[in-house]
Structures are given as structure tokens and as C-alpha cells.
Amino acid sequence: MDEPSARERDSGDAAERDPQDARAHVIATRGLTKRYRGGQLAVDGLDLTVPAGSVFGFLGPNGSGKTTTIRMLMGLIEPTSGTARVLGRPMPRATRAVLPQVGALIEGPALYGFLSGRDNLLRYDAADPTADPRTRRARVAAALDRVGLAAAAGKKARAYSLGMKQRLGLAAALLQPRRLLVLDEPTNGLDPQGMREIRALIRELASDGTTVFLSSHLLDEIEQVCTHAAVMTQGRLVTQGAVADLAAGARGRLAVTTPDPGEAARVLKEQGVGDVTVDGDRVTGEPPAQDLAEVNAALVAAGVRVRGFTLEQASLEDAFVALTGEGFDVAG
Amino acid sequence: MSRAEALQTRAGRRPSPLWTFGLLRSELVTTLRRWRTLALLAVLAAVPVLVGIAVKLETRGGSTAGPGGGDGPAFIAQITNNGLFLVFTALAATLPFFLPMAVGVVAGDAIAGEAGSGTLRYLLVAPAGRTRLLLTKYTTVMAFCVLATLVVAVSALIVGALLFPLGELTTISGTRISFAEGLGRALLIALVVAASLVGVAALGLFVSTLTNSGIAAMATTVGLLITVQILDQIPQLHALQPYLFSHYWLSFADLVRDPVYWDDLVKNLGLQALYAAVFGSAAWARFTTKDISA
């Protein structure tokens, strides 16, 4: 415990001397590990790097250690070993300097049911000693407006629907201009229209230059809004990088629909298509290195009648299953 | 204002040290807006009303109230002569249980209640700061001690003035003091009673840092209060009793002596300070190192 904290101090000072590094990586963890008192290893040697300006998707099955990681990044949980730096400063030591610039939604919203939505935000804002009380009411009103809750601001939070609570939680994260937003399942409990609105809001925030760290179990959500992603399973980081690269990692498949499957399979093998499988009138295989137009021409030249010729793009879901070897909502 | 400008203003702006008290103000207001706090204060305000009416009914025939005395201060017999004694009686009646129970509920809920509802994590990432939040909570609980005691005292004064005559009063020592001085002593007693609750408040706050359930923390604190009260009654534990936070509670009656007998009053205040120091430090040590997983 002592040794890493000494190192942390050194690297913390180095980061202050080198703002370039701090600007490049909004979150950087090294060997971040959390072992709970029961001996359970929740997070195991995590090396996570979140580039500035990215919309970073944080994926993993339930129980894979995502929430523990987020709590360590926010200074709520002390790491067993390893270091975590947020905005270039070590956590949890620099919470007072870092957290006013970070908006967070952690494991769903938590509200005072007996207070109105507006009073909830006033209270959270008052908790931040760097928040100017003179602009408090105006900032709260702006945040409520931004998440579409202006009309329900005076209602007791107890009477809010789950979606409204989620919006209020988001509003709390938007009380100040932030450099980083940490959003844990931000569209949970929202209807499809609400999800679209929140995703649009995330894109808008990201285009303003805010880095967004987004954990979600909805893969299409990550694909739609994220530029980068990391995948965790059983406390370990399996992969991280740009979303396009991750999806490309799991290669797509060439699919030919034809009334002559036998002949098509033979031609495809000749053309260097690997792992050719025939299923009724569908022949699929791993696409070859050469131009697919040539493959199609070869099929036609061999007299194969082609009804459909497509390259099925690998989704992030394929990549995810390939990486974690399990379905998505399975506890790890 | 564009975002870049906003960030610039933010960087150029110097937060005032006074802004840190925004949380205390929010905490005080939030505590007083809880239905539970208001219910506790209503119960406390009702006690003097019940005592006053009971004494009035019992003495309607013109006789003075019962033999009075027992172990507690013999104030009740004096109420019919002077309504101000209802203040002393009501404080003596609520100090052993109602007042510390109310304080135990508010103190026990302080951290654990926020943890249970999940609002604690949002306060901490705001960032409230753990030491700042704990100090704010303790200050609020102490403010509640004063408020709760004043509610009892003021309610008793109003009921006493309505049902009984007011005027010069006779001290326990038998001397007579003016009504104004009596009123001054009543205020002093209220403050001493409030200070007597500081120990329970610190204990409750410490218990509150141990659990994520507000109900469990409240029940534990009130349970400890009852246990200590019982221990204080067992003669065999004579050696232990001077260290129980409730042992010198009723010493406030010495303020109605002439001259005031200070020994037990000072012991009481010293003991409360000791409890505040010990359990306050324990709460701080626990809360600043705790993993917040709720």
C-alpha cells in the first residue's frame, strides 16, 4: 500500500509538470486492482486509457467490475493497489481539485424524495464548494431545461418516473461546465424517444469538447455514440481502442444466396474463401484478401446463378462475444 | 455564453471560502424539511402541554400537586405557584428519553440515511469532501440539539404562562429570585440540556458511519441510549457510572439552586466534551477511509 502511493506522488507531480500528458489522457489507470475484504478480486490489474475528447464506451457483463472501476475513478473506493489518474491528477488524493470538473451518474440516480427536482439539484450544487451560489439558481434552471425537466421542476422527486429520475441525475452532472462526464447506464429506464434525446445530448456535449465515459449494456448504444470502447470481463480488461477497430477485429462474413449452393461453394473455395459453409440456399465464408468484385465475377463465369451477394459486417456484439466468450447479460 | 468562454470564466474565477458553508445551509434546511424531523419536534412540543394539563386537572380542587420529589428534581409541585417551573419540569421529563431519542434518530440517520438512499455518493462526487460533510452533519445535529431543547422550553413556557401564574420564584435552596432572573436561569438550563445531548449526538454519528442503513443506525443509537440508562440504575455498576454519558444529565437542576452548585454541571459538560472528542474522532477515522459502495 505504501509503495504504490509513493510512486503515485511522483507521477502526480510529473503530470502537473507535463500538462500535455494530462490533456491527452483524461483517464489513465495503471495496474488498478481492487480486492474486497471477502477476498473477492473485483478489478484485476486494469490499464485503462481514455483519450481526451472521446466518447468512451465501457462494456462488460454484469459483475465484471465496471462499477467498482468507476467508483475508484471517482474516489469513492480506495484501490487495493495500482494508480488511477483523472484529468492528470491522482485519485482519490486529488478529489477536491478534480471532481468539480467531472459530472457523474453512478449506478442510477439517487434523489431526496421529499424535495422537488429543483431543490435536489440546489442541494447537490451546494455540496460543491467551488460552485458559485450567486449563479446557482440560474445554473440549476439551465440544467433542468437541458434534460427536458423544466416543466416538472417543482414536483416532488418521489413522484418522478424512473425516466424522469434518470434525467434529473443527468441534470446534476450538468450543473457546471465539465471536462469529463462519467455516465453509468444513462439511458436506463428511458423510453425509446427519451433514449434518442439523451444520445443526442451526449453527442452535443461531446462536440463541445467534453470527454464522455459511458458505461452501457446496450451494444448498439455504444456503436451509435462512442468513438472508443473498452471491454471488461471478470475484473480484467480484454481490449480497448477505437470502436471501428474493435468491430473490424471480428471480421465480417461473405454471404451468397443462390439456387446452386454446391457449385457456388466449390467456386468460392477456389477463390480463396475460407471456412465455407452451406445452409440451404445460403453459402457463407470468410472473405478473401482479393477484391470481392472478382469473386462475384468468378461465380457468374462458372454459371452460378446469384440472387444475393453481401458482406455481412461484424457488429460490436460479435466482437464482444468473441472477446468475452459469453452472452452479454451473463454474470461474470 | 459559449462553452469555451464558460470554461474560461470558471478558470479565472476564484471560489470564495464562504461558499463552503452553502452545504451547511442546505443541510439545515433539508433536515428541517424532513417530515420525520417535524414529527419529532411535534412530539417534544406536546410533552409540556400534557404535563401542564395533567397538573392543572389534578390541582383543580385547590390542592397542590402530589408529594413531588422521588429521585428527580422536585419541580412539579411548584408548577401551580409559578408557570416557569413547567419549563424545568418539562426539560427534566424529556431529557432522560424523548430528547436523546430525537437526537439519536437525527444523528443515526445523518450518514447512514444518505448512504442508504444513495445520495451519499452524489454528495461525495460533487465533491462535498468527507471531512467537510462529516463536520456539516455534526454541526447540524448539534443545531438540532439546541432546537429540540428550545422547542420543549418554549412550549413549556407558553403552556405555563397560559395555565398558571408567573412571577417571583423560589429556588430549590429556598431563596427567592425575580421572574427576570428566573427566565435567565431557564434559558441557561435549556442550553445546558442541549449541551448534555452532545455526547449522544457524537455516538449516533459514529454509529451512522458504520452502516448503510439509516434505520439500523437509528435503532442502534436509541438502543445504546436505553442500555446506558439501565446501566446507570444498577447499583453494582457504581464504578462505571460516572463515565456513562447520561450520569450527570439531571445536574441541570443545580442551576435552580442559590448559589448555583457547579460541581456536577462541570462534570457533565466535561463528560460530554470527552464523548464528542472520542466518538467524533472515531467517526472521522471511519468515514474518511471508508469505501462508499452504496
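Values in this document were obtained by computation on a predicted structure and should not be read as measured data.

Caption draft 1: Representation of the overall build of chain A. When its secondary structure is counted, chain A shows 13 helices and 15 strands. Counting over 332 residues, chain A shows a buried share of 53%. Contacts in chain A between residues far apart in sequence, at least 24 positions, make up 67% of those at least 6 positions apart.

Caption draft 2: Helix 3 (residues 35–58) of chain B, seen in detail. The terminal C-alpha atoms of helix 3 of chain B lie 34 Å apart, and with 24 residues this matches the ideal 34 Å at 1.5 Å per residue to within 8%. Check the buried side of helix 3 of chain B and you find it contacts helix 2 (22–33), helix 4 (85–94), helix 5 (98–117) and helix 7 (130–163) of chain B.

Caption draft 3: Molecular detail of the sheet that holds strand 15 (residues 308–312) of chain A. Residues and elements named next belong to chain A. Taken together, the 4 strands give an open sheet; going across it, the order is 13-14-12-15, and neighbouring strands pair in antiparallel fashion. Here the strands that pair on one side only, and so sit at the sheet edges, are strand 13 (274–279) and strand 15. Pairwise comparison of adjacent strand axes, ignoring direction, gives a mean angle of 15° for this sheet. In the sheet, strand 12 (residues 253–257) pairs with strand 15 via 5 bridges, with the strands oriented antiparallel. Bridge pairing in strand 15 links Thr257 to Gly308. Contacting strand 12, strand 13 and strand 14 (282–286), helix 11 (residues 261–270) runs over the sheet at an angle of about 175° to strand 13. Against the sheet, helix 12 (residues 292–301) touches strand 12 and strand 15, its axis set at about 150° to strand 15.

Caption draft 4: Representation of the packing of aromatic side chains in the model. One pass over the full model with this rule turns up 11 aromatic pairs over all chains. Ring geometry for Phe58(A) against Phe213(A): centres 5.0 Å apart, planes inclined by 40°, an arrangement best described as tilted. Of this pair, Phe58(A) sits in strand 4 (residues 55–59) while Phe213(A) sits in strand 9 (residues 211–215), and the two are 155 residues apart along the sequence. In this pair, the class of Phe58(A) matches that of Phe213(A), namely buried. Taking 5.3 Å as the distance between ring centres and 90° as the angle between the ring planes, the aromatic pair formed by Phe85(B) and Phe88(B) counts as edge-to-face. Of this pair, Phe85(B) and Phe88(B) both sit in helix 4, 3 residues apart, which is roughly one turn of that helix. Across the pair, exposure class does not vary: Phe85(B) and Phe88(B) are buried alike.

Caption draft 5: Summary view of the environment of Lys156(A). Residue and element names in this part refer to chain A. In this fold, Lys156 is placed in the loop between helix 6 (136–146) and helix 7 (162–173). Residue Lys156 is classed as partly exposed on the basis of its relative accessible area, which comes to 39%. Beyond its immediate stretch of four places on either side in the chain, Lys156 contacts Gly113, Phe114, Leu115 and Ser116.

Caption draft 6: Spotlight on the confidence of the model for chain A. Residue and element names in this part refer to chain A. This prediction gives chain A a mean pLDDT of 83; 86% of its residues lie at or above 70. In this model residues 1–20 is a low-confidence stretch, pLDDT under 50, and it forms 15 contacts with partners more than four residues away in sequence or in other chains. In the predicted structure, residues 328–332 sits below a pLDDT of 50 and forms 17 contacts with residues beyond four places in sequence or in another chain.

Caption draft 7: Examining the nonpolar core more closely. Of all hydrophobic cores here, the largest spans 160 residues; its most connected members are Met74(A), Val102(A), Leu180(A), Phe213(A), Phe88(B) and Phe252(B). Considering each element in turn, this core owes the most residues, 11 residues, to helix 7 of chain B. For Phe88(B), the residues in contact, after removing those within four places along its chain, are Phe75(B), Leu169(B), Gly182(B), Ala186(B), Ile189(B), Phe252(B) and Val256(B). With 14 residues, the next largest nonpolar core counts Leu254(A), Val276(A), Val295(A) and Ala298(A) among its residues.

Caption draft 8: Examining the environment of Lys66(A) more closely. Residues and elements named next belong to chain A. On the secondary structure map, Lys66 appears in helix 3 (residues 66–73). With a relative accessible area of 7%, Lys66 lands in the buried category. On a C-alpha basis, the gap between Lys66 and Ala42 in space is 8.9 Å, while along the polypeptide they are 24 residues apart. The residues touching Lys66, leaving out its near neighbours within four places in the chain, are Phe58, Leu59, Gly60, Pro61 and Met232.

Caption draft 9: Expanded view of the sheet that holds strand 7 (residues 102–105) of chain A. Residues and elements named next belong to chain A. Spatially, 7-8-9-4-10-11 is the arrangement adopted by the 6 strands of the open sheet, whose pairing is mixed. Every other strand in the sheet has two partners, leaving strand 7 and strand 11 (236–242) as the edge strands with one partner each. Across this sheet, the average inter-strand angle for adjacent strands is 10°, counted without regard to direction. Relative to strand 9, strand 4 runs parallel, the two sharing 4 bridges. Following the sheet pairing, Gly57 is matched in strand 9 by Leu214.

Caption draft 10: Structural view of the packing of helix 11 of chain A against helix 12 of chain A. All names here are of chain A. The interhelical angle for the contact between helix 11 and helix 12, taken along N-to-C directions, is 135°, at an axis separation of 10 Å. When the interaxial angle is binned, helix 11 and helix 12 end up oblique. In this structure, helix 11 meets helix 12 at a crossing whose hand is right-handed. Here Ala264, Val267 and Leu268 of helix 11 lie close against helix 12, whose contacting residues are Val295, Ala298 and Leu299.

Caption draft 11: Fine view of a nonpolar patch on the surface. Residues and elements named next belong to chain B. A surface patch of nonpolar side chains, about 620 Å² in accessible area, is lined by Val146, Leu150, Val154, Ile158, Leu162, Leu187 and Leu191. Those elements that place two or more of their residues in the nonpolar patch are helix 7 and helix 8 (179–196). A total of 5 residues in the nonpolar patch trace back to one element, the largest contributor, which is helix 7. Note on placement: Leu187 falls in helix 8.

Caption draft 12: Structural view of unusual backbone geometry. In this model, Met91(A) is joined to Pro92(A) through a cis peptide bond whose omega is 5°. If you trace the backbone, Pro92(A) turns up in the loop between strand 6 (89–91) and helix 4 (95–98). The step from Ala126(B) to Pro127(B) runs through a cis peptide bond, and the omega angle for that step is 5°. With respect to the element layout, Pro127(B) can be found in the loop between helix 6 (119–125) and helix 7. The phi dihedral of Glu107(A) falls on the positive side, at around 50°, and the residue is not glycine. As for its position among the elements, Glu107(A) is in the loop between strand 7 and helix 5 (117–127). A residue is classified by how much of its surface remains accessible, and Glu107(A), at 43% relative accessible area, is partly exposed. Non-glycine residue Glu185(A) carries a positive phi angle of around 50°. Here Glu185(A) lies in the loop between strand 8 (180–184) and helix 8 (192–207).

Thresholds applied
- Residues numbered from 1 in each chain as written.
- Chains lettered and ligands numbered in written order.
- Predicted model: local features only at pLDDT ≥ 70, side-chain atom pairs only at ≥ 80, totals over all residues.
- Heavy atoms only, no water.
- Helix = DSSP H or I, 4+ residues; strand = E, 2+ residues; numbered from the N terminus.
- Buried < 20%, exposed > 50% of the residue type's maximum accessible area, 1.4 Å probe, protein only.
- Contact = heavy atoms within 4.5 Å.
- Expected span 1.5 Å × (residues − 1).
- Pairing = 2+ DSSP bridges.
- Axes fitted to C-alpha atoms, helices over the stretch in contact; angles between N-to-C directions.
- Phe/Tyr/Trp six-rings, centres within 6.5 Å; stacked < 30°, edge-to-face > 60°.
- pLDDT = per-residue confidence, 0-100.
- Core = buried A, V, L, I, M, F, W, Y, C linked by side-chain atoms within 4.5 Å.
- Parallel < 35°, antiparallel > 145°, perpendicular 65-115°, else oblique.
- Left-handed = near helix turned anticlockwise from the far one by under 90°.
- Patch = residues over 30% accessible without salt bridge, like charges linked within 9 Å, V, L, I, M, F, W, Y side chains within 5 Å.
- Areas by Shrake-Rupley, 256 points an atom, 1.4 Å probe, with all protein chains shown as cover.
- Salt bridge = Lys/Arg side-chain N within 4 Å of Asp/Glu carboxyl O.

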